[in-house]
Amino acid sequence: MATQGEPAPALDPDKARDTLQTLYVGAQQQQLMFVGAQQRVRVFDAHGGLIADSDLITDKVDSSTLPPARKPGRFWLTWPPLGRGHSTGAAKAQADLKAEIGEALQGHPVAELRRAPNGERVVSISLPIHYVQDVLGVLTLESGDVDQIITAQRWALAPFILIAIGVSLTSSALLSRFIALPVLRLARAADSVTLARARAISLPDIAGRDDELGDLATSLETMTSTLSERMDAIERFAADVAHEIRNPLTSIRSAVETLDLVTDPASQQRLTDILKHDVGRLDRLITDISNASRMDAELSRERPKPLDLEKLLGDLAGFYTETSRPGEVPVRLLPPESLEPVNVPGREGPLSQVFRNLIDNARSFSSLSTAEHPEVRLGLRREGRQIVATVEDDGPGLPAENLETVFERFYTARPKGAAFGGHSGLGLSIARQVVDAHGGTIRAENVTDAEGHVTGARFIVALPDGRG
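Quick caveat: nothing in here was measured; it's all calculated off a predicted structure. Within every chain, residues take consecutive numbers counted from 1 along the sequence as written. Local features in this predicted model are restricted to residues of pLDDT 70 or higher, and side-chain atom pairs are both shown and tallied only at a pLDDT of 80 or more, whereas totals for entire chains, interfaces and linings draw on every residue. The basis for every side-chain value is the complete set of non-hydrogen atoms in the structure, without hydrogens or water.

Engineer: Could you clarify how one ought to interpret the overall build of the protein in this entry?
Structural biologist: The secondary structure content of the protein amounts to 10 helices and 14 strands. Relative accessible area decides the class of each residue, using a 1.4 Å probe on protein chains only: under 20% of the type maximum gives buried, over 50% gives exposed, and in between gives partly exposed. Taking all 468 residues of the protein together, the buried fraction comes to 32%. Should any heavy atoms of two residues lie within 4.5 Å, those residues are considered in contact. Of all intrachain contacts in the protein linking residues separated by at least 6 positions in sequence, the fraction that spans at least 24 positions is 61%. Areas reported here follow the Shrake-Rupley algorithm with a probe of radius 1.4 Å; residue values treat only the protein chains shown as occluding. Just so you have it, the protein exposes about 29600 Å², and 57% of that area is on carbon and sulfur atoms. For helices the rule is a DSSP run of H or I covering at least 4 residues; for strands it is a run of E covering at least 2, with both sets numbered from the N terminus onward.

Engineer: What is the right way to read the environment of D232 from this model?
Structural biologist: When you line up the elements, D232 lands in helix α6 (residues 212-259). With 33 residues separating them in the primary sequence, D232 and R199 have C-alpha atoms 9.8 Å apart.

Engineer: Would you explain the packing of aromatic side chains in this entry?
Structural biologist: Centre distance and the angle of the planes are the two values used to describe a pair of aromatic rings. Note on aromatic contacts: the rings of Phe and Tyr and the six-membered ring of Trp form a pair at centre separations within 6.5 Å, being stacked when their planes are under 30 degrees apart, edge-to-face when over 60 apart, and tilted otherwise. If you walk through the whole model with that rule in mind, you get two aromatic pairs. For the ring pair F407 and F459, a centre distance of 6.1 Å and an interplane angle of 85 degrees mean the geometry is edge-to-face. Of this pair, F407 sits in the loop between β12 (386-392) and α10 (427-437) while F459 sits in strand β14 (residues 454-464), placing them 52 residues apart in sequence. With relative accessibility at 4%, the residue F407 sits in the buried group. You can call F459 buried: its relative accessible area is 1%.

Engineer: So what exactly am I meant to see when it comes to the pairing of strand β4 (residues 50-53) here?
Structural biologist: As paired elements, strand β3 (residues 39-45) and β4 share three bridges and run antiparallel to each other. Looking at β4, one finds that F44 is bridged to L50. We call two strands paired when DSSP finds no fewer than two bridges between them. Where β3 folds back on β4, the antiparallel hairpin that results is connected by four residues, among which G48 adopts a positive phi of roughly 90 degrees.

Engineer: How do you make sense of the sheet that holds strand β7 (residues 134-143) when you look at a structure like this?
Structural biologist: Each strand in a sheet pairs with its neighbour through backbone hydrogen bonds, running either in the same direction (parallel) or in the opposite one (antiparallel). Sheet architecture is open: five strands sit in the order β4-β3-β7-β6-β5, paired in antiparallel fashion. In the strand order of this sheet, the two ends are held by β4 and β5 (110-115), each with one partner. Pairwise comparison of adjacent strand axes, ignoring direction, gives a mean angle of 25 degrees for this sheet. In this analysis an axis means a line fitted to C-alpha atoms, helices contributing only their contacting stretch, and an angle means the value between N-to-C directions, from 0 to 180 degrees.

Engineer: Would you mind showing me how to read α6 here?
Structural biologist: An α-helical turn contains 3.6 residues, so any two residues separated by three or four positions project in the same direction. When the terminal C-alpha atoms of α6 are compared, their 70 Å separation across 48 residues agrees well with the 70 Å that a helix rising 1.5 Å per residue should span. Definition of a polar contact: a pair of N or O atoms within 3.5 Å, with one able to donate and the other able to accept a hydrogen when the atoms are protein atoms, and with sequence-neighbouring residues admitted only if both atoms are side-chain atoms. The N-capping residue of α6, defined by a side-chain oxygen 3.3 Å from the backbone nitrogen of L213, is D211. One less than the residue count of a helix, multiplied by 1.5 Å, gives the span that helix is expected to have.

Engineer: So what exactly am I meant to see when it comes to the packing of helix α9 (residues 348-366) against α10 here?
Structural biologist: The packing of two helices is summarised by the inter-axis angle and the distance between the axes. Closest axis-to-axis distance for the α9/α10 pair is 9 Å, and the angle between their directions is 145 degrees. For the pair α9 and α10, the crossing hand works out as left-handed. Every residue of α10 that contacts α9 at P350, L351, Q353, V354, N357 and L358 is listed here: G427, L428, I430, A431, V434 and V435. Polar here means any residue outside two lists: the nonpolar Ala, Val, Leu, Ile, Met, Phe, Trp, Tyr, Cys and Pro, and the charged Asp, Glu, Lys and Arg; Gly therefore counts as polar. For the contact of α9 with α10, the per-class residue count stands at nine nonpolar, three polar and no charged. The hand of a helix crossing depends on one turn: near helix anticlockwise from the far one by less than a right angle means left-handed, and clockwise means right-handed.

Engineer: Sorry, what's going on with α9 here?
Structural biologist: Spanning 19 residues, α9 covers 26 Å between terminal C-alpha atoms, matching the ideal 27 Å at 1.5 Å per step. Most of α9 is tucked away, with 14 of its 19 residues classed as buried.

Engineer: Mind showing me how you'd approach the sheet that holds β14 here?
Structural biologist: The strand order across the open sheet built from five strands is β9-β11-β12-β14-β13, with neighbouring strands paired in mixed fashion. The outermost strands of the open sheet, each flanked by one partner alone, are β9 (331-333) and β13 (441-448). Between one strand and the next, the sheet's axes are offset by a mean angle of 20 degrees, whatever the strand orientation. Direction of pairing for β9 relative to strand β11 (residues 376-383): parallel, over a ladder of three bridges. Bridge pairing in β11 places R332 opposite R377. Helix α8 (residues 309-323) rests against β9, β11, β12 and β14 of the sheet, and its axis sits at about 150 degrees to β9.

This is the structure we're talking about:
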């Protein structure tokens, strides 16, 4: 025990120095990491007085280079005065140490970073020495090699910093080469399409990549190719519209120019009838062109919903029956082959337009039939994963070579006896456009009897089954 006195114990300076020397020298011999040339241990009594110092125990000598000696007979002027800066630093260090010891004497361990009298930074830990609840003194451990430790740690981190810089530069180069530059090429290609210098993006080297950029390039190529095809279709449509409108306009202009030259009332009446016919033909043509132009927007705006196709065909057949005039061909819905609900994912408006076009087309050609009671028949059946609807007439049928071309825009087939200009040639084209948008197919075929004679035409519409 390094204490003395009863009943108020206090630290015995001699025993404290002996105990510190024994512990400190033993720690040096065992080469403990916290005891070295830059460590200093001091013991202070309850009044803050120094009673033991490891520097004195181990005979440490503080050596420093003195300033050059002054030559006699010469006056030296220094500012600030020599030694004042050192005295100020020592005084502050002593004050900081005294404040630290004072706080430790209150019974609280203290750990601080402060300056030593020589200006070096030291890490100081002051621990109160307790005897039961009394504080007999303070044990202070100082490590003066903070700057060396920090410097050593900085040098130890230097390789990692260099490696991090190298990795960053390499990553930046790779990102620029494989990501930034391809994205910039995609942006420039998109700008070219925007500025109408190109119709579509084509970057096969990027699209061939097996990563997200490849997927993006493929999507952009597909999108711009679709837009290019749509633009081509619009251009062809505009050219076809101009050609189709030019015909009735030419006929109207010719009739108007001739009307002033004709004095015969019968001839004037014929010219007037031609004008009325061509105006009606032009009106039908413009109406169908408007419907065809609006159909794309309607298909993209409305989402498919479950649609009862049997109910739709039944409503259409009932509408034609109620609005039919004497002499017009009736429309009849045949009983479905199955009693199960026939649902398809579709849009009611466009699909209704499809079957109205097919029914109107079938009624117009059934009126030329030689059958005693011609009619238009609507059929419905399920084939695998498809719902098949048919529209069948009793007309003269279709030319075998035109079973596919009837779906082309502005195509009109006029059998013998059909009125000229009664069709715009857009109804079947609109029907195929709508059916294709619903993932289905539409085709035409002739109906024949047992002897192989054509007895009518049949249009077959196949749509995906709503049951999947």
